[in-house]
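Summary of the model geometry
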Amino acid sequence: MNNEPKKNEKKSKKPIIIYFIVTIAILLVANYSRDAYMNKEISYNEFLNMINNKEISEIVISSDNLVITPKDGTEYEGKTLYTANIKNDKLLDELIEAGDIRFTGKNPKESIFMNAFMTYIIPIAFLYFMWRFLFSKMIGKMGGGMGNIGKNNAKVYVEDQIKVTFKDVAGQEEAKESLEEVIGFLNAPTKYTEIGAKLPKGVLLVGPPGTGKTLIAKAVAGEAKVPFFSLSGSSFVEMFVGVGASRVRELFKDAEKQAPCIIFIDEIDAIGKSRDNQMQSNDEREQTLNQLLSEMDGFDSSKGIVILAATNRPEILDKALLRPGRFDRRVIVDKPDLIGREAILNVHAKDVTLDPEVDLKEIAKITSGAAGADLANMINEGALRAVKHGRKKVLQEDLRDAVEVIIAGKEKKDRILSQKEKKIVAFHEVGHALVAALLKGSDPVHKITIVPRTMGALGYTMQLPEEEKHLNSKKEFMNEIAILLGGRSAEEIVLNEATNGASNDIERATQIARNMVTIYGMSDRFDMVALESVQNRYLDGRAVRNCSDETSTLIDEEILKIVKEAHNKAKEILRENRELLDKISGVVLEKETIFGDEFMNMVCEKYPELKKQDKKEGLDLEDKTIEVETEEIDKKTAIDVTIE
Ligand code: ADP
Ligand code: MG
Ligand code: ZN
């Protein structure tokens, strides 16, 4: 997207290059003239002879040289001679005596040309650059075409250059469907205008980072086979007020010439930020935004220009941008579900050689919460791993490992844990796993490992949801908290001691408890009152408090109650199954990594009824249920990160 600025740079460098060429030329000429000016050296004797023979018409005396101009009709006529200025007290007397020799003195090492260069050329060049700089700044303000600063640097892809089509966008069926209409319009605008239908001028693609918004915008252009003007919101906003506005104007002018076409403004929140409720105003951004608004109103949509924009912070956009006639269509590009993930993996797997045994569905299952970009990255990591092991095909284990590398970091071979620490980590992880296995309705354990990872985990327990969930019950949240606290609980029971390894578990458990109380209406005390609201749902999902300080204190109490209850539950389960905890921890300590089957076999020795039991047993009716935003479900792929 930043091909064009390069071109601009080149353009503005031209005068600099000319300037250098001129300077070098001047220096060469100056040097050459200097050579011509003193082009023959003679000896001091010769010089004295010349005085005696009255062959000299003029002498220029400097501290190190004597520059001699001979008289016409002598041997050196027309040349300039020089000789070293040897200390000679009598020279002056001799010259005066000779009578007809003009002589002058000169300061050391000074040449007329160097002199001219220093006094005129350098200051002039300096002034020239100052002037250019100021002038371009002014031009930027006026939004004119000179100086390139005001010019838009939209990269134009023309028809055949866009190879991306909807085939390259996996999943996201709803988004594609909404955009089909836009494509139809771009292909045959008259079909719509004949009936008098107006198509939306602007479509806003909204979703978390890496879900394929930019990709979809390109695919629309690829499908419609129209030129694609693509520009990032931040590239409008420059240091100088008015530059952005002039860029917007240029962009629309260019686009109108090439209609039907698509204008794509990526990360539009950079200019479209709401104008009110800001401490200090940002003139440049406001002007740019105003220009964009007026251009959007100004152009005739029947010509076939469609503006796509992408953002992951729709809530901060200015209301004026979203009103009918501007970006009135919103297409949600959310994180993919299980089927979507498998489809995306399939699209990207086409680029690599896969072993026929590879089961992408399994990979899709263990990557709940991953966006398209993550999945593309996983396939690539898997391929890299295959190469590293000298294979020609990507195996399932490569992909599995890639997923773990992306979630938890690489295995850290050089971090050697002491036997005692290893033991603690083993108990901790098996604590999580046992609580998970013995709590009805939680996801089955997939893997337990105590191999340290680069992202800080000393070990982790991975659970694998059997199917994608869209609703979580209160009971499931309680289970989840208990599982998270199971690690520390095991340490307490076995070693009667606490370590700092549970900090991440604690943080996540607390967050779930907080959400239960403040957002999901799952506490008795506050019933169904919203005490927090989620701010930017597509980024970190941070929540802001909407309640009084007194209520806040009560919320904290309520959270404590939930966490305590879950903690006690976890400890109870582990105490009752102490021998299982010891046994499995022993195996984990020895093997370092065990998988779900092996783990369940050991558990089933004591609880045969758990064998093959369907762990998903509908929601209990008395549970309050609530629709949960994706972020919460993501955390279900429980990765236990311990000890920073
Ligand atoms: P965004 O603009 O939403 O942040 P991008 O469009 O830049 O995300 O996506 C980054 C990369 O992720 C794409 O180039 C593509 O390789 C991959 N990707 C994301 N979503 C999908 C999808 N639905 N199908 C195929 N690839 C995808
Ligand atoms: Mg993008
Ligand atoms: Zn843990």
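All values derive from a computational prediction rather than experimental measurement. (Residues numbered from 1 in each chain as written. Chains lettered and ligands numbered in written order. Predicted model: local features only at pLDDT ≥ 70, side-chain atom pairs only at ≥ 80, totals over all residues. Heavy atoms only, no water.)

**With respect to the sheet that holds strand E17 (residues 593-595)**
Just so we agree on the cut-off: Two strands are counted as paired when DSSP detects at least two bridges linking them. Every helix listed is a DSSP run of H or I at least four residues long, and every strand listed is a run of E at least two residues long, numbered separately from the N terminus. Comment: axis = line fitted to C-alpha atoms, over the contacting stretch for helices; angle = value between 0 and 180 degrees taken between N-to-C directions. By definition, residues are in contact when any of their heavy atoms lie within 4.5 Å.
Judged by pairing direction, the sheet is antiparallel, and its three strands sit side by side in the order E13-E12-E17 without closing on themselves. For this open sheet the edge positions go to strand E13 (460-463) and E17, each flanked by a neighbour on one side alone. Strand-to-strand twist of the sheet, defined as the mean angle between neighbouring strand axes without regard to direction, takes the value 10°. Where strand E12 (residues 445-449) meets E13, four bridges bridge the pair, whose relative direction is antiparallel. Across the sheet, the residue bridging to Val-445 is Gln-463, located in E13. On top of the sheet, helix H20 (residues 578-591) reaches E12 and E17; it is set at about 120° to E17, its chief contact.

**Overview of the sheet that holds strand E4 (residues 81-84)**
Strands sit in the order E1-E4-E3-E2-E5 across an open sheet of five strands; the sheet is mixed. In this open sheet, the two strands that pair with only one neighbour each are strand E1 (40-41) and strand E5 (102-105). Where strand E3 (residues 65-70) lies against E4, four bridges are found, and the strand directions are antiparallel. If you follow Leu-66 over to E4, its bridge partner there is Thr-83. On the sheet, helix H2 (residues 44-52) packs against strand E2 (56-61), E3 and E4 and is oriented at approximately 45° with respect to E3. Those strands touched by helix H3 (residues 91-98) are E2, E3 and E5, and its axis lies near 145° from that of E5.

**Brief notes about the UniProt feature "binding site: ATP" (unreviewed entry) in the protein chain**
Put simply, the rule is: UniProt positions are given in the numbering used here, feature names are shortened, and annotations may be inferred rather than shown by experiment.
Cross-referencing UniProt, the feature "binding site: ATP" (unreviewed entry) maps to Gly-207, Pro-208, Pro-209, Gly-210, Thr-211, Gly-212, Lys-213 and Thr-214 in the present numbering. As for its position among the elements, Pro-208 is in the loop between strand E7 (202-206) and helix H7 (213-224). Residue contacts for Pro-208: discarding those within four places in its chain leaves Lys-213, Asn-312, Val-333, Asp-334, Lys-335 and Tyr-538. Looking at where Lys-213 falls in the secondary structure, it is placed in helix H7. Among residues more than four places away in sequence, those in contact with Lys-213 are Leu-205, Val-206, Gly-207, Pro-208, Ala-310, Thr-311, Asn-312 and Val-333.

**Quick notes on the packing of helix H14 (residues 372-388) against helix H15 (residues 396-408)**
If you want to describe how two helices pack, look at the angle between their axes and the distance between the axes. Rule in force here: Note on angle classes: values under 35 degrees are labelled roughly parallel, values over 145 roughly antiparallel, values of 65 to 115 roughly perpendicular, and the remainder oblique. Crossings are sorted by hand: turned counterclockwise from the far helix by less than a right angle, the near helix makes the crossing left-handed, and turned clockwise it makes it right-handed. Residue polarity follows a fixed list, in which Ala, Val, Leu, Ile, Met, Phe, Trp, Tyr, Cys and Pro are nonpolar, Asp, Glu, Lys and Arg are charged, and the others, Gly among them, are polar.
Relative to each other, H14 and H15 sit at 125°, their axes nearing to 8 Å. The orientation of H14 with respect to H15, classified from their angle, is oblique. Helix-helix and strand crossings are classified by hand; for H14 and H15 the assignment is right-handed. In this structure, H14 contributes Asp-374, Asn-377, Met-378, Ile-379, Glu-381, Gly-382, Arg-385 and Ala-386 to the contact, and H15 contributes Glu-397, Asp-398, Leu-399, Asp-401, Ala-402, Val-403, Val-405 and Ile-406. Its residues placed into classes, the contact of H14 with H15 shows eight nonpolar, two polar and six charged.

**Quick notes on the UniProt feature "transmembrane region" (unreviewed entry) in the protein chain**
The feature "transmembrane region" (unreviewed entry), as given by UniProt, occupies residues 16-33 and 112-131 in the numbering adopted here. This span, residues 112-131, is 100% helix and 0% strand, and a straight line between its end C-alpha atoms measures 28 Å.

**What to know about the pattern of salt bridges**
As a reminder of what qualifies: Any carboxyl oxygen of Asp or Glu within 4 Å of a side-chain nitrogen of Lys or Arg constitutes a salt bridge here. Throughout, exposure labels follow a simple rule: accessible area from a 1.4 Å probe, protein chains only, divided by the maximum for the residue type, with under 20% read as buried, over 50% as exposed, and the rest as partly exposed.
The tally for this structure, following the rule as stated, stands at 26 salt bridges. Residue Glu-58 is joined to Arg-102 by a salt bridge in which the shortest nitrogen-to-oxygen separation is 3.9 Å. Taken together, the positions of Glu-58 in strand E2 and Arg-102 in strand E5 put the pair 44 residues apart, joining distant regions of the chain. Judged by its relative accessible area of 23%, Glu-58 falls in the partly exposed class. We note a salt bridge from Asp-549 to Arg-545, for which the minimum N-O separation is 2.8 Å. Residues participating in the shared-partner salt-bridge network are Arg-385, Arg-391, Glu-397, Asp-398 and Asp-401.

**Notes on helix H12 (residues 338-349)**
Condition: Helix span, expected: 1.5 Å multiplied by one less than the number of residues in the helix.
Taking 1.5 Å as the rise per residue, H12 with twelve residues should run 16 Å; its terminal C-alpha atoms sit 16 Å apart, in good agreement. Listed in full, the buried residues belonging to H12 are Leu-338, Gly-340, Arg-341, Ile-344, Leu-345, Val-347 and Ala-349. The inward-facing, buried residues of H12 contact helix H13 (360-366) and H14.

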